[in-house]
Structure formats: C-alpha cells, structure tokens
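# Tertiary structure, described
Here's the letter readout for the chains.
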Amino acid sequence: MAGLVLSGAAMADTTPEPPSAATAPKGVIQVVSGIMGYTRWPGDAPAVRLCTLGAGAGVDELLQSSELSAGQRSVSVRTAAGLPQPWHHCDAMYLGTLDAESTRHLLQDLVGRPVLVLGEGAAFCSDGGMFCLEPRAAALRFHANLDAIARSGLRVNPLVLRIARATGGES
C-alpha cells in the first residue's frame, strides 16, 4: 500500500528572482526551521540538534547559518559525516545529495527513531524520508511522507501539513 504524500510550496524570498541550476533560493533555513518549530519530540527538549549529510545548496545554507531557531527552541547545526549511528547525536537530519544506496541504508536505520528526516528531491520521500524539499524551484516546494512521520514517534502539527496538498498515494 502506497503512503500518503503531501506537497506544498513556501515562498523562499519576497524578491522574485528565478534560481539557476547551481543556486537554491535562500529559503531552506526558513522552511526547515518552520517544520522543526511545529514538530514535537518525545521529552521535548529545549534545543534541537540538526545534522546535515551529503552535498548541496541546502546543506551549505544550513551549515553556514549562524542563527537558527525552531519556535522556542535553539538549534545547533553540524555535519553528521563520520558520526557512527547519527540518531544518537541528531534530533533532526537534513540530507543533501548522497548516493542512492547510502540514502536508503540511512533511512532504513532511522525507521521508528524520533529523528526528523528532511532531504532534497521528491524521490527522497519515496525512499522513506519525512519531508522532501525541492530547493531549486522558484518557490521552495516540499512533500511530506505521512507514513514515515507516523512511524517516527514524532508529532508534527497539522498546520504544517495544511500548507500542502495531496499529490498521490491513498488516503
């Protein structure tokens, strides 16, 4: 049975400027922090540890961010490269471009763990990611994999999901 996938768009910048293939709109930080701000973890700690893995404009934008917050929580950003079992060190993970095998293996390891998993590209949700961003679009678009979110034990406020519209799967 296919899972329900929702998608939506959030304006990344108020200045309309078409992105080139090499650059992403400056909105990854805004969308990622917004999704994290509407997510509740078991125990609901006052700080969130966001880890990045892979390459891409979204990863670069997050790693270069100096002030990132999610609602009332502070957010620390670091790379997960070289971390064994990153779910012990990360409350949220943003995956950029990785080889397909590494992505699938990591997503399998994260099933059922309370780690918010965001990544780039629509295929990321098909592989088991929770939120799939498309940073190269003029308006930053994203999809949500409701099955993956439900299995994680995280609670995502329905307001985040209302931004999106159903694009496939079964309801």
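What you are looking at is a predicted structure, and each value in this text was computed from that prediction instead of being measured. (Residues numbered from 1 in each chain as written. Predicted model: local features only at pLDDT ≥ 70, side-chain atom pairs only at ≥ 80, totals over all residues. Heavy atoms only, no water.)

### Notes on the pairing of strand β5 (residues 73–79)
On any regular strand, side chains alternate: one points to one face of the sheet, the next to the other face. The pairing of strand β3 (residues 47–53) with β5 spans six bridges and is parallel. Within β5, the residue paired with V48 across the bridge is V75. Of the pairings in the sheet, the one linking strand β4 (residues 69–70) to β5 comprises two bridges and is antiparallel in character. Bridging from a neighbouring strand, A70 pairs with R73 of β5. Linking β4 back to β5 in an antiparallel pair, the connection comprises two residues, with G71 at a positive phi of about 65°. (Pairing = 2+ DSSP bridges. Helix = DSSP H or I, 4+ residues; strand = E, 2+ residues; numbered from the N terminus.)

### What about the packing of aromatic side chains?
According to the stated counting rule, one finds one aromatic pair in the structure shown. Ring geometry for F131 against F142: centres 6.5 Å apart, planes inclined by 50°, an arrangement best described as tilted. With a gap of 11 residues between them, F131 in strand β8 (residues 131–134) and F142 in strand β9 (residues 140–145) connect regions that are remote in the sequence. F131 gets classed as buried once you look at its relative accessible area, which sits at 0%. Using a relative accessible area of 4% as the deciding quantity, one classes F142 as buried. (Phe/Tyr/Trp six-rings, centres within 6.5 Å; stacked < 30°, edge-to-face > 60°. Buried < 20%, exposed > 50% of the residue type's maximum accessible area, 1.4 Å probe, protein only.)

### Notes on the state of the cysteines
As enumerated under the stated definition, the model contains two disulfides in all. Note on cysteine connectivity: C125 is disulfide-linked to C132, with sulfurs 1.9 Å apart. Classification of the bridge connecting C125 and C132 rests on its S-S torsion, roughly 115°, and on that basis the disulfide is right-handed. Residue class for C125 comes out buried when judged on its relative accessible area of 4%. The buried category is assigned to C132, whose relative accessible area is 0%. When the cysteines engaged in disulfides are numbered in sequence order, the protein pairs them as 1-2, 3-4. (Disulfide = S-S within 2.5 Å.)

### What about the environment of G129?
Locating G129 in the fold gives a position in the loop between α4 (123–126) and β8. Judged by its relative accessible area of 0%, G129 is buried.

### Overview of the pattern of salt bridges
Going through the model one piece at a time under the given rule, you end up with two salt bridges. For the salt bridge of R49 with D91, the shortest nitrogen-to-oxygen distance reads 3.1 Å. With R49 in strand β3 and D91 in the loop between β5 and β6 (92–95), this residue pair connects regions lying 42 residues apart in the sequence. Among the salt bridges present, the one from R104 reaches E101, with a minimum N-O distance of 3.9 Å. Of the two residues, R104 and E101 both sit in helix α3 (residues 100–110), three residues apart, roughly one turn of that helix. (Salt bridge = Lys/Arg side-chain N within 4 Å of Asp/Glu carboxyl O.)

### Here's the deal with helix α2 (residues 57–64)
Along α2, the residues classified as buried are G58, V59, E61 and L62. Here the buried residues of α2 occupy an arc of 165° about the axis, which is enough to place them on one side. Against α1 (28–37), β3, β5, β6 and β7 (116–120) lie the buried residues of α2. (Arc of directions from axis to C-beta. Contact = heavy atoms within 4.5 Å.)

### Focus on the side chain of T39
Inspection of the secondary structure puts T39 in strand β2 (residues 39–40). Polar contacts involving the side chain of T39 include one to the main-chain carbonyl oxygen of I35, which spans 2.7 Å. If near-sequence neighbours (up to four positions away) are discounted, T39 is found in contact with R73, L116, L154, R155 and V156. (Polar contact = N/O pair within 3.5 Å; in protein donor to acceptor, adjacent residues only side chain to side chain.)

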